[in-house]
Amino acid sequence: ELVRRVLALWWSGVAAGLSIGFSVVAKAILAANLPDAPWTPVIDSLGYLVGFLIVILGRQQLFTENTQTAVLPAMQRGQLVWWITLLRLWMIVLSANVVGCAIFAAFTSFTGVLGTDVRNAVIVISEQMMQKPPMEKFLAGIMAGWLIAALVWMLPSSEGNEFIVITLMTYLIAAGVFNDVFAGTFEALFLFFEVRADLAAAVFSLFLTTLLGNVTGGTVLFAVIAYAQVRDEIDESK
């Protein structure tokens, strides 16, 4: 991934930003068609799987996946050029994901394609997320970052069970009400286009705090520990 061309990374990142919005939309579809009961979130959280299944099985570039996998070669080699290459990857994918989220949020808001009930459910889900205090968003972002990094770490050894692994880990993110920055970005931008939130709140209260949490959980914690676990084996294989 570190050596892929800019345009390939960019369009894959835009596609991932578009796709991740389906996690929120699918959850809203279930919520809109279920009764208002204490067990409803347990069921409608299944919708959250959809966007991640599209992104991961479709091999699209989502920033919260790269926070773990792409940092390992840089940590192993240590040269400045690899850290610069890592930063290049992150910046391209991060900006592309945001653009994809914005396009999908604008499309679903302005066209009315979701229908009244589902649109209202998206608004409720999004407002519940936005109402969290910044520190809670940051801590929930750490949990989501850790789970996504663990998911990526486990995929190579899943041996045909990728669907089950993705389902389990992303369901935990939804059921635990943890925050993925790009599902959250879609929600915040959807509220912005619906004139229910301002852009400053979307950027500072949600995007930056959740992004920092995801990177902390996925890179600072999980990737460093994972690298420490396999460092001796990597050194012996050189």
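One can find the structure itself at the top, above this paragraph.
As the structure is a prediction and not an experimental result, all values here were calculated from the model. (Residues numbered from 1 in each chain as written. Predicted model: local features only at pLDDT ≥ 70, side-chain atom pairs only at ≥ 80, totals over all residues. Heavy atoms only, no water.)

### Concerning the side chain of N97
So, point 1. Among the structural elements, N97 can be located in helix 6 (residues 80-111).
So, point 2. With residues near it in sequence (within four places) discarded, N97 still touches G13, A16, G17, Q61, L62, F63 and F182. (Helix = DSSP H or I, 4+ residues; strand = E, 2+ residues; numbered from the N terminus. Contact = heavy atoms within 4.5 Å.)

### Section: the packing of aromatic side chains
To describe a pair of aromatic rings, one takes the distance between the centres and the angle between the planes.
So, point 1. This structure, assessed with the given rule, holds eight aromatic pairs.
So, point 2. With centroids separated by 5.5 Å and ring planes inclined at 70°, the aromatic side chains of F63 and W90 adopt a geometry described as edge-to-face. Note that F63 is positioned in helix 4 (residues 63-69) and W90 in helix 6, a separation of 27 residues in sequence. Across this residue pair, the class does not change: F63 and W90 are buried.
So, point 3. Their ring planes at 75° and their centres at 6.4 Å tell us that F63 and F182 sit as a pair that is edge-to-face. Note that F63 is positioned in helix 4 and F182 in helix 10 (residues 181-193), a separation of 119 residues in sequence.
So, point 4. Exposure remark for F182: the relative accessible area of 0% places this residue in the buried category. (Phe/Tyr/Trp six-rings, centres within 6.5 Å; stacked < 30°, edge-to-face > 60°. Buried < 20%, exposed > 50% of the residue type's maximum accessible area, 1.4 Å probe, protein only.)

Treat this as a map of the structure, not an account of what it does.
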